[in-house]
Amino acid sequence: MPTTPATVSCPTCNRPVEWSRHQHYRPFCSRRCKLIDLGAWLDGSHRIPGSELAGESNGIDEDSNDAAERQ
Ligand SMILES: [Zn+2]
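Since this is a predicted model, take the numbers as computed values, not measurements. (Residues numbered from 1 in each chain as written. Predicted model: local features only at pLDDT ≥ 70, side-chain atom pairs only at ≥ 80, totals over all residues.)

A.B. asks: Account for the overall build of the protein chain, with residues named and values stated.
C.D. replies: Check the secondary structure of the protein chain and you find two helices and two strands. Helices and strands in the protein chain line up, N terminus first, as β-β-α-α. Looking at the protein chain as a whole, 6% of its 71 residues qualify as buried. (Helix = DSSP H or I, 4+ residues; strand = E, 2+ residues; numbered from the N terminus. Buried ≥ 20, exposed ≤ 12 C-beta atoms within 10 Å, placed from the backbone.)

Next up, the structure:
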């Protein structure tokens, strides 16, 4: 019975990556793909939804303060 190595898809280029101890960059296929994904995070391509909502709620707070002063 042959043992087939477990593989995962590289998150950057979707190439199958062998999930083994000597694959240092798993789940990425290579150092390059790992750095590309890291760069995408730093660029803001992977957006965290929570940060935008925080900015909106600040705006709402300022508006309600304005209304209170006028009354
Ligand atoms: Zn890749």
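A.B. asks: So what's going on with unusual backbone geometry? Which residues, and what values?
C.D. replies: Residue Pro-27 follows Arg-26 across a cis peptide bond; omega there is 5 degrees. With respect to the helices, strands and loops of the structure, Pro-27 is situated in the loop between strand 2 (16-18) and helix 1 (31-43). In this structure, Asn-14 takes a positive phi of about 65 degrees despite not being glycine. With respect to the helices and strands, Asn-14 occurs in the loop between strand 1 (7-9) and strand 2. Classification of Asn-14 by C-beta neighbours within 10 Å gives exposed; the count is 10.

A.B. asks: I'd like to hear about the environment of Ala-40, residue by residue, with values.
C.D. replies: With respect to the secondary-structure elements, Ala-40 resides in helix 1. On the basis of neighbour count, Ala-40 is assigned to the partly exposed category, with 13 C-beta atoms found within 10 Å. Separated by 28 residues in the primary sequence, Ala-40 and Thr-12 have C-alpha atoms spaced 10.0 Å apart.

A.B. asks: With reference to specific residues and values, describe helix 1.
C.D. replies: For helix 1, built from 13 residues, the straight-helix expectation of 18 Å at 1.5 Å per residue is met to within 8% by its first-to-last C-alpha distance of 18 Å. For helix 1, a buried count of zero out of 13 residues is recorded, marking the element as mostly open to its surroundings. (Expected span 1.5 Å × (residues − 1).)

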